Amino acid sequence: HLSGNEVFRLNKKKIQIPRSYSKKRLVLPAWSQGKWDSIEVRGADLTYRSQERMTTYHMRAIHSPTPGMFHAKVVTECGDKGYACLALQPRHAGSSAAILEMKIGQINTQLEDATCSDLALEDPL
């Protein structure tokens, strides 16, 4: 017969994203700035809490190959690190941009492998 209790303590890791991934400071579009349900955008940084994957993604835009698409440094609270394509698009509801559509491509270890195209975003995370 076993007796006793087990105690598990889970601590959230602090995520540190270095400030300089680009010589020129990139800022995500002005319309996207602020809090959106499970997304928060501040400057070049985007934080996304995925209920489906049960993790938080911390992203910093470092390059924009085309309007609305960004190469981003990604760090998750599950310990994944790398680069991915981040696409942001406003969706209009009435007279204002009330919906932010976001797509994240596959996370790659090398920036060169983080392809930013509509095709690359068809099979997102």
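Because the structure is predicted, anything quoted here is derived from the model rather than measured.

About the cut-offs
Residues numbered from 1 in each chain as written. Predicted model: local features only at pLDDT ≥ 70, side-chain atom pairs only at ≥ 80, totals over all residues. Heavy atoms only, no water. Helix = DSSP H or I, 4+ residues; strand = E, 2+ residues; numbered from the N terminus. Buried < 20%, exposed > 50% of the residue type's maximum accessible area, 1.4 Å probe, protein only. Contact = heavy atoms within 4.5 Å. Disulfide = S-S within 2.5 Å. Core = buried A, V, L, I, M, F, W, Y, C linked by side-chain atoms within 4.5 Å. Phe/Tyr/Trp six-rings, centres within 6.5 Å; stacked < 30°, edge-to-face > 60°. Lys NZ or Arg CZ within 6 Å of the ring centre and 35° of its normal.

### Re the side chain of Ser32
Thinking step 1. Mapped onto the secondary structure, Ser32 falls in the segment before strand 1 (34-36).
Thinking step 2. Overall, Ser32 belongs to the buried group, its relative accessible area being 0%.
Thinking step 3. Each residue touching Ser32, except ones within four places of it in the same chain, is listed here: Val41, Leu88 and Leu100.

### Examining the environment of Arg25
Thinking step 1. With respect to the secondary-structure elements, Arg25 resides in the segment before strand 1.
Thinking step 2. Separated by 36 residues in the primary sequence, Arg25 and Ala61 have C-alpha atoms spaced 9.1 Å apart.

### Side note on the state of the cysteines
Thinking step 1. Evaluated as defined, the whole model comprises one disulfide.
Thinking step 2. For Cys85, the disulfide goes to Cys116, at an S-S distance of 2.2 Å. As the torsion about the S-S bond is roughly 110°, the Cys85-Cys116 disulfide counts as right-handed. Placement of Cys85 in strand 6 (residues 81-93) and of Cys116 in the segment after strand 7 (96-104) is noted, with a sequence separation of 31 residues between them.
Thinking step 3. For Cys116, a relative accessible area of 16% gives the class buried.

### Some words on the environment of Gln89
Thinking step 1. The topology assignment puts Gln89 in strand 6.
Thinking step 2. Through-space distance from the C-alpha of Gln89 to that of Ser32 is 8.5 Å; in sequence the pair is 57 residues apart.
Thinking step 3. Look past the residues within four positions of Gln89 in its chain and what remains in contact with it is Trp31, Ile99, Leu100 and Glu101.

### Topic: the nonpolar core
Thinking step 1. Counting 18 residues, the largest nonpolar core has Leu28, Leu46, Met59, Leu86, Leu88 and Met102 as the members making the most contacts within it.
Thinking step 2. Put simply, the parts of the chain that give this core at least two residues each are strand 2 (39-42), strand 4 (55-66), strand 5 (69-76), strand 6 and strand 7.
Thinking step 3. In contact with Leu46, not counting residues within four places along its chain, are Leu28, Ile39, Glu40, Val41, Tyr57, His58, Met59, Leu86, Leu88 and Met102.

### Quick look at the packing of aromatic side chains
Thinking step 1. According to the stated counting rule, one finds two aromatic pairs in the structure shown.
Thinking step 2. Between the aromatic rings of Trp31 and Trp36, the centroid separation amounts to 6.5 Å while the plane-to-plane angle is 85°, which identifies the pairing as edge-to-face.
Thinking step 3. Classification of Trp31 by relative accessible area gives partly exposed; the value is 30%.
Thinking step 4. For Trp36, a relative accessible area of 16% gives the class buried.
Thinking step 5. Centroid distance Tyr48 to Tyr57: 5.9 Å. Interplanar angle 20°. Geometry classified as stacked.
Thinking step 6. The ring of Tyr83 carries the charged tip of Lys73 above its face, separated from the ring centre by 4.7 Å.

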